[in-house]
Amino acid sequence: MIGGTLSKWTMSYFAIAITWLIAAEALMAAGFGFPAADVAAADTLVIVHMVCIGWLSMAMCGALFQFVPVLVGKPLFDERWELPALVLLTAGLTALLAGFLVLGGRLPAGLWLLPLAATLLAAGFALVVADLGLTVWRARPPVGPAHFVLAGLVSLCATVALGTGFAWSLSGHGGEELGKVLATGVPLHAIAGLGGWLTLTAMGVSYRLLSMFMLAPDVDGKKSRLTLAAGSAAIGVAVAGGLFAIEAEAGLGIVLAAAAAFGLATFALYGRDVAALYRNRKRRQLELNTKMAAYGFASLAAAALLGIALVATGSFAAHVGAFAFLVAFGWLSGLVLAKLYKIVAFLTWLETYGPAMGRLPTPRVQDLVAEGRASKWFAVYFVSVWGGTASLLFGQASVFRGAAAVMTLATAGIVQELIRTRRLADVAEPLRLPNGTQPPCLLYSRT
Amino acid sequence: MTDDLVARIREALRVVIDPELGHNVVDLGFLYRITVDQGDVRIVMTATTKGCPAAAFLREGVAASTAQVEGVRSVDVEMTFDPPWTPSCIEPAVRSSLGFANVN
Ligand code: HEM
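Procedures and definitions
Residues numbered from 1 in each chain as written. Chains lettered and ligands numbered in written order. Predicted model: local features only at pLDDT ≥ 70, side-chain atom pairs only at ≥ 80, totals over all residues. Heavy atoms only, no water. Helix = DSSP H or I, 4+ residues; strand = E, 2+ residues; numbered from the N terminus. Buried < 20%, exposed > 50% of the residue type's maximum accessible area, 1.4 Å probe, protein only. Contact = heavy atoms within 4.5 Å. Lys, Arg positive; Asp, Glu negative; His and termini not counted. Charge placed at Lys NZ, Arg CZ, Asp CG, Glu CD. Expected span 1.5 Å × (residues − 1). Near = heavy atom within 4 Å. Polar contact = N/O pair within 3.5 Å; in protein donor to acceptor, adjacent residues only side chain to side chain. Donors = N, O, S within 2.8 Å, 3.2 Å for Na, K, Ca; no water. Tetrahedral: all angles 85-135°; square planar, octahedral: opposite > 155°, others 65-115°. Patch = residues over 30% accessible without salt bridge, like charges linked within 9 Å, V, L, I, M, F, W, Y side chains within 5 Å. Areas by Shrake-Rupley, 256 points an atom, 1.4 Å probe, with all protein chains shown as cover. Salt bridge = Lys/Arg side-chain N within 4 Å of Asp/Glu carboxyl O. Phe/Tyr/Trp six-rings, centres within 6.5 Å; stacked < 30°, edge-to-face > 60°.

A.B. asks: Let's hear about the overall build of chain B: which residues, and what values?
C.D. replies: The helix and strand tally for chain B stands at three helices and three strands. Oriented by its inertia axes, the alpha-carbon framework of chain B measures out at about 40 × 30 × 20 Å. Classification of the 104 residues of chain B by burial places 51% in the buried group. In chain B, once contacts between residues fewer than 6 apart in sequence are set aside, the share between residues at least 24 apart is 60%. In chain B, 9 side chains carry a positive charge and 14 a negative one; their mean positions are 3 Å apart.

A.B. asks: Lay out helix 8 (residues 221–247) of chain A with the relevant residues and their values.
C.D. replies: Residue and element names in this part refer to chain A. The first and last C-alpha atoms of helix 8 sit 38 Å apart over 27 residues, in line with the 39 Å expected at 1.5 Å per residue. Of all the residues in helix 8, the buried ones are S224, T227, L228, A230, G231, A234, I235, A238, V239, G242, A245 and I246. Next to the buried residues of helix 8 lie helix 5 (144–170), helix 6 (175–184), helix 7 (186–214) and helix 9 (253–279). Just beyond helix 8, the residue with positive phi is E249, at close to 50°.

A.B. asks: Can you lay out the site of the ligand for me, pointing to particular residues and giving the numbers?
C.D. replies: Residues and elements named next belong to chain A. Every one of the 23 residues lining the ligand counts as a neighbour, but V39, H49, C52, G163 and H189 are closest to it. The side chain of H49 places a nitrogen or oxygen atom 2.8 Å from a nitrogen atom of the ligand. Within the contact set of the ligand, a nitrogen atom lies 2.7 Å away from a side-chain nitrogen or oxygen of H189. Of all the elements in the fold, those that place two or more residues in the shell around the ligand are helix 2 (42–72), helix 3 (82–103), helix 4 (113–138), helix 5 and helix 7.

A.B. asks: Describe in detail the environment of A:L310, supporting the description with residues and values.
C.D. replies: Residue and element names in this part refer to chain A. Note that L310 resides in helix 10 (residues 288–312). Separated by 70 residues in sequence, L310 and V380 place their C-alpha atoms 27 Å apart. Ignoring sequence-local partners within four residues, the contact set of L310 consists of S315, F316, H319, F323 and L393.

A.B. asks: Which residues make up the coordination of the iron atom of the ligand, and what values go with them?
C.D. replies: Residue and element names in this part refer to chain A. Looking at the metal site, the iron atom of the ligand is ligated by H49 (NE2) and H189 (NE2), spaced 1.9 to 2.0 Å from it. If you look at the iron atom of the ligand, its six donor atoms make angles of 86 to 179° with each other, and the shape they trace is octahedral. Linking H49 in helix 2 with H189 in helix 7, this pair joins segments that are 140 residues apart in sequence. Neither residue differs from the other here; H49 and H189 are each classed as buried.

A.B. asks: Please give an account of a nonpolar patch on the surface that cites residues and values.
C.D. replies: Residues and elements named next belong to chain A. A surface patch of nonpolar side chains, about 290 Å² in accessible area, is lined by F77, L134 and W137. Tracing the sequence through the fold places F77 in the loop between helix 2 and helix 3. Here F77 falls in the partly exposed class, since its relative accessible area comes to 34%.

A.B. asks: Explain the packing of aromatic side chains to me, using residue names and the numbers behind them.
C.D. replies: All names here are of chain A. Tallied over the entire structure, the rule returns 20 aromatic pairs over all chains. Taking 5.8 Å as the distance between ring centres and 40° as the angle between the ring planes, the aromatic pair formed by W9 and Y444 counts as tilted. Here W9, found in the segment before helix 1 (10–29), pairs with Y444, found in the segment after helix 13 (397–422); they are 435 residues apart in sequence, far enough to count as distant. Looking at Y444, the relative accessible area reads 31%, which means it is partly exposed. Measuring from ring centre to ring centre gives 5.5 Å for Y381 and F382, while their planes differ by 80°; the resulting arrangement is edge-to-face. F382 matches Y381 in its accessibility class, with the two residues each being buried.

From the geometry alone we can't say anything about function, so treat these as descriptive.
Structural data, given as structure tokens:
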């Protein structure tokens, strides 16, 4: 099982994901897309998919290839699918962005790029879903957090199916039915992607990682099942109910209100579960990753409150951009960056020192990181995200660009820390590379 | 003679640390049982978290460093999570330095 414990390409997924994140942040700082352009404008779609597919989905896939086998105690169904999936997703995303640029008139005609992109992306995601799904299936019946991952994968399929429908429709091949879905169904796609795939999966993964790194007892299975039931209901109502409403030409209002109610219940239940993990932890001192994850949770709570306030004042539609920004960058990206910081150090340790254990003195995982330095970048990151959200709410486009520029800088700072970890730059001699150990490669793991 | 070998094995195992907690498996109380029969060593040990990828390396590490001890003919290491490890297994002197609440 030694060889099977490290996923070879997880680091490559992380590297590509972070590259997309920095590119998207830099484009926002340059004033590309929302808020200078409309939320639904082609330029905005470019940024949205760089963040949703390039950054968040890629990072999540990379983490799941490593994490799902640990979760279920069985090796990955087939490691050889990881790299082709990465190539397909990268090619598909590139084509999708090009297609959006055609749509916005920035590139000459070539709308066929959209269905091509959808096909490549669907193929890539299908490999990921099949590989992870079959891994969980090997260990049936699935345990606790594995259920969240399964619900996330089902939502991913729904997201991709809807996105593929949009792509065909936008390229003029969709027919009348798909046109109807495209006209009003974009929120379903966004909810299935951000809410179902990314949020439910992140929740499941966070249960396990938090209990592992804080030595807290696992969340009671009954409680986490209730959380998942509420979350699945929210996504199920939004997508299935939404499609039904579109078919019946009934308007999405009631369906989305019901989904929002389930969504709020999910956040409240999840908040209860996470609070219990922090409260019952046996390790009193928090590491940087668990401290920063808490800012991600705070952002999720803030997003829920913001959503309630916007709906109550009837201004949700006007501020959906600010809301989505806080969800994507405060909650999802904040949590993923915090966890990456730990996972990279942990995997780098395993790769370099695991095989030497018992033969040579080895450093600790914490010796691979310099939390003091990194915490400054994280602080700058979260402050700029919250500032960016506020500037969107108050319609200050130029302040937003400044905030995005600071986010870019902070992310680059965090990346530099990750690279130092990979290079073992902070490990003191003589423990750094004793005889018989090999330095890790930056972009993939030796297994 | 047997007790002496067990003591030497325990001493040797101080080089194996839990990468997360940064202390050796002896002080952390990961070693539940070490039995020796004419140089054939059997170790029953645990780790903090079931399914953690580090657990496999810990097991290998314990086997490797035991094998180097003079007088050891063969090593068999079993990983168990029953009973589960709790911070109360840690040597008291190490426990507070790790930031564990003493009540646990
Ligand atoms: C096969 C993959 C995908 C394709 C082909 C695709 C395609 C599209 C298209 C064509 C639109 C615009 C619809 C319109 O307003 O005309 C859209 C919107 C959107 N997509 Fe995707 N998508 C895919 C995957 C994803 C994923 C995985 C996520 C999130 C995790 C996502 C999140 C969003 C969001 C949030 C919007 C709304 C953006 C806005 O209105 O500004 N998409 N997608």
